[in-house]
Amino acid sequence: MRVYMRKSLLQIPSPSEEACSVDEEEAFLKDPEQIQDELPQPFRMISKLINTLIDDAWSTIQNRTQIKLAQQLKKQSPVLEATGQIQISGKTNCLASSDDGEYVFAGVSKGLCVFSALTNLAVSAWEEEDVEVTSLCVTCLGGQVYLIATVDDMGIARLLVYFSNFITLIKVINEPEDVSRRNLCTKFELSRGGDFAGVMLEGNGESWLEVYRFPKDSWLRELELAQTTSQKQQTADSQDGVLTETVPHISSVGDLKLSPSVIIMKIKPPKSISGTSLKSPFEVLQKTEDGSVIGSGQNHMISSRQWEEQETIFQSVYKKYLDTVESKKTEDKPCEGTFDFLLPGGLLPMFGEVKGPTGVPVAISLWWSGNHDLLKYLLVRPTKDKNDKTEVEPKPDVVWPNARPILCSAVSRCTKYIALGLTEGLLTVWDAYLGLPLSVLSIPRDSDIRHVQFMEPHTVNKDNVTCSTFQVNPKTQVLVSCKDGASHVVVSVRGRDTTVTRLTERSEDQSSLPSAIQSIPFQPNLVLFMSRNGTIALMDSTDGALICNFGLPASHALATPWDPVFLLDPERQSLFIRGDKKLSPDELLEGKVAASSLFIFNFNQFSFMESYRDTQTSVQAAKHPGTWEERCELYLQDRLQSLGDRNKAMAECWNQLQQHAASVRQRQEKHLNRTAVTQRSQIQSTRVKQGAKA
């Protein structure tokens, strides 16, 4: 008998475009344990017939989809024109509005401009040569005092203050002593109210986050004193006959002495996991100090030798594949960090023990690119001893590990819910107060998630006190956009199934891909879409219907449509869009810079908003829970409201268990019946054999 022996082991072929064949039957990875992968007849013919039917059905679906899109385009959607215009000297790179909606701040090519949201006129400016502001964050310290955080095109972070119609520089965060060794700032954000600030820095191939605490009350007193002194000096000069300005002016940081800010934390990316010398679980638990932070993976019992052996095995098994990847490997970049400030609340003791004013954040959440963990750090740590000092490089107080690396994140306005977009289209929505997931689902697409945002109404505080909305109803709406152009709305309710509504389909045309997708803060049912081809559309998130388009004047076009500059002001319910004047070919050849303007679209002046205002549900702003009694009361209210849903889910689970038990009982009875029949047949056959022998 002939025996065919394999001379050499089959290896995984190296991936290459040339190896792929046009025939679909040959364009798959063959099983290395099988010599032949082709199906025998007649199964091969059946497979071809099924593939042909699927291809025909898919082509029919595509044709019907194109016809449907063409019919939608034929419908005349209204084009809304701008209700106002602001002329700006220079290029506008970023926009931000104040918390009370009084002012609009614009980062321009030579500094900063402030406009009145009521009159659309410039009220102040801060100019500095060779300073082009590219990032901007504004918050209200109190009264008519606004704190401004800027980052320019050279990566320099500056902190400024606006009061009495003048802008004053307070501090340069990363002022370089040596230009060759300077640290670049990639993100500079302020907490709502101006109590804390986070600065993401890069330098020497490393990145880290610095968290500052600002003496807010001292700054307000010092600014008021400086303004009073300036007014007295102005009055004295006017009595002496000296002509002065009608408004007190403090022009530079030398004229204004404010209390210094304090850096409270410097957080670096977690180190890569390596071998350890720990040999017992007791030593591992001792390494975690109090044992409350578990999940980072830094403390384990894997030795360096075991780590090296696993690495050697991995390299040998996937050698050919790794060789092809190493040729395309690019230069390693520093980790990019994303952080958000968290308000007090929750059932965790460490967050419940922290006390502070209402609306002041007590923690910060942080995750690094390419990492699975969401880290939480306390901003105000309870001191157990008077000699205790603030730890500049602290360890995380809470670690939330995830199954896949994090790509994007979003925190609700009340900081109760956190949404994480993971690789391979996985979305998780967490209840940060209870530490429980509201939903974990996979977006039905093969593209990674690019951006997530909570769709929640904006509440107006009459006293302009820094606070957030705390909704007892655990219903959340998350706007999800993918890299392939598809967008979805995910609605999560505790105790119910998560629903996914598709807004836009995947786009094959690169020019029609969305460059910005954002929910309207003053009307969560509306979503703003900006495409790379310059179109600006407003859609209904409930059914994905196109409501209208925003049109700029014929003489202007949307500036940088791949990265548009726009602002949604929730207080004035307005949309600000930067448009550049169109240039002729001759002007383009001459290198002329196009003049830019801000076009304003006031939603209050549009008639279609009346129907949405009638259906808009009012959200009542509640004071954030401060004591344990208030938190427990809200938790019990949440449990009481979800009682019906939980009972329904429990009844469904009980019915499923009963059905499963019934099916198991039926299988057991069938098995027992078959066993009994087999035993009776065996007994009868035995008796027949015994009778024959007798």
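The following refers to the structure shown. As the structure is a computational prediction, the values presented were derived from the model and not from experiment.

### Topic: the overall build of the chain
- What the chain contains, in helices and strands, is 10 helices and 34 strands.
- When the 694 residues of the chain are sorted by exposure, 39% land in the buried category.
- Working note: accessible area of the chain is about 42200 Å², and carbon and sulfur atoms make up 52% of it.

### Overview of a nonpolar patch on the surface
- A cluster of nonpolar side chains, contributed by Leu39, Phe43, Ile46, Ile50 and Ile54, occupies part of the molecular surface with about 470 Å² of accessible area.
- Mapped onto the elements, Ile54 comes out in helix α1 (residues 43-74).

### With respect to the sheet that holds strand β26 (residues 499-504)
- Pairing within the open sheet is antiparallel, and its four strands lie in the order β23-β24-β25-β26. Each having just a single partner strand, β23 (449-454) and β26 make up the two edges of the open sheet. The average angle at which neighbouring strand axes cross in this sheet is 20 degrees, direction not considered.
- Taken together, the five bridges between β23 and strand β24 (residues 475-482) define a ladder with antiparallel strand orientation. Among the inter-strand pairings, Val452 is bridged to a residue of β24, identified as Val480.

### Topic: the sheet that holds strand β5 (residues 111-116)
- Spatial ordering of the open sheet is given by β3-β4-β5-β6, a layout of four strands whose pairing is antiparallel. Strands with a single pairing partner mark the edges of an open sheet, and in this sheet they are β3 (92-97) and β6 (122-127). On average, each strand axis in the sheet is inclined to that of its neighbour by 20 degrees, with strand direction left out of account.
- In this sheet, strand β4 (residues 103-108) lies alongside β3 in antiparallel orientation, the contact comprising five bridges. When the sheet's bridge partners are listed, Cys94 is paired in β4 with Gly107.

### Structural notes on the pattern of salt bridges
- Tallied over the entire structure, the rule returns eight salt bridges.
- Across the salt bridge formed by Arg192 and Asp99, the nearest N and O atoms sit 3.5 Å from each other. Of this pair, Arg192 sits in the loop between β11 (184-190) and β12 (196-203) while Asp99 sits in the loop between β3 and β4, and the two are 93 residues apart along the sequence.
- A relative accessible area of 33% means that Arg192 is categorised as partly exposed.
- Measuring nitrogen to oxygen at the nearest pair gives 3.5 Å for the salt bridge that ties Arg404 to Glu424. Of this pair, Arg404 sits in the loop between β18 (398-401) and β19 (406-411) while Glu424 sits in the loop between β20 (417-422) and β21 (426-431); the two residues are 20 residues apart in sequence, bridging distant segments of the chain.

### A look at the pairing of β20
- The element β20 is largely enclosed, with a buried count of six among its six residues.
- What you see with β20 is no split at all: Tyr417, Ala419 and Gly421 on one side and Ile418, Leu420 and Leu422 on the other are buried throughout.
- As judged from the five bridges shared by β19 and β20, these two strands associate in the antiparallel manner. Across the sheet, the residue bridging to Ser409 is Leu420, located in β20.
- The turn joining β19 and β20, which pair antiparallel and follow one another in sequence, is formed by five residues; a positive phi near 60 degrees is taken by Thr415.

Rules of the game
Residues numbered from 1 in each chain as written. Predicted model: local features only at pLDDT ≥ 70, side-chain atom pairs only at ≥ 80, totals over all residues. Heavy atoms only, no water. Helix = DSSP H or I, 4+ residues; strand = E, 2+ residues; numbered from the N terminus. Buried < 20%, exposed > 50% of the residue type's maximum accessible area, 1.4 Å probe, protein only. Areas by Shrake-Rupley, 256 points an atom, 1.4 Å probe, with all protein chains shown as cover. Patch = residues over 30% accessible without salt bridge, like charges linked within 9 Å, V, L, I, M, F, W, Y side chains within 5 Å. Salt bridge = Lys/Arg side-chain N within 4 Å of Asp/Glu carboxyl O. Pairing = 2+ DSSP bridges. Axes fitted to C-alpha atoms, helices over the stretch in contact; angles between N-to-C directions.

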